[in-house]
Amino acid sequence: MNIYEDERLEKQFKVVTDQIGHLLLDLIAVSLMKVNAENQIFKDVEEARTDSFIEDPKF
């Protein structure tokens, strides 16, 4: 039996590749959300440092 001639197998491959594609897109989306959240935290910390540096008259 040639696996490339079996229509059911080809349909299953399409379903699996579609699911893998959706999984990869979900992973990318979650990663971007996490990077965005961490970037916001970094901006807040940097802003707090800058504010404390400006307010400290010792320097």
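Preceding this section is the structure that the text describes.
Keep in mind that this is a model prediction, so the values were computed, not measured.

### Some remarks on the overall build of the chain
Within the chain, the regular secondary structure consists of 1 helix and 0 strands. For the chain, with 59 residues in total, the buried portion stands at 2%. As displayed, the chain offers around 6000 Å² of accessible surface, 62% of which is attributable to carbon and sulfur atoms.

### Here's the deal with the environment of S31
Looking at the secondary structure, you find S31 in helix α1 (residues 7–55). Note on S31: relative accessible area 41%, which makes it partly exposed. Within the local environment of S31, its side chain forms a polar contact with the backbone oxygen of L27, the two atoms lying 2.8 Å apart.

### Re a nonpolar patch on the surface
Taken together, the side chains of V16, I20, L23, L24 and L27 present a nonpolar region at the surface, about 450 Å² in accessible area. Structurally, the position occupied by L27 is in helix α1.

Conventions and cut-offs
- Residues numbered from 1 in each chain as written.
- Predicted model: local features only at pLDDT ≥ 70, side-chain atom pairs only at ≥ 80, totals over all residues.
- Heavy atoms only, no water.
- Helix = DSSP H or I, 4+ residues; strand = E, 2+ residues; numbered from the N terminus.
- Buried < 20%, exposed > 50% of the residue type's maximum accessible area, 1.4 Å probe, protein only.
- Areas by Shrake-Rupley, 256 points an atom, 1.4 Å probe, with all protein chains shown as cover.
- Polar contact = N/O pair within 3.5 Å; in protein donor to acceptor, adjacent residues only side chain to side chain.
- Patch = residues over 30% accessible without salt bridge, like charges linked within 9 Å, V, L, I, M, F, W, Y side chains within 5 Å.
- Salt bridge = Lys/Arg side-chain N within 4 Å of Asp/Glu carboxyl O.

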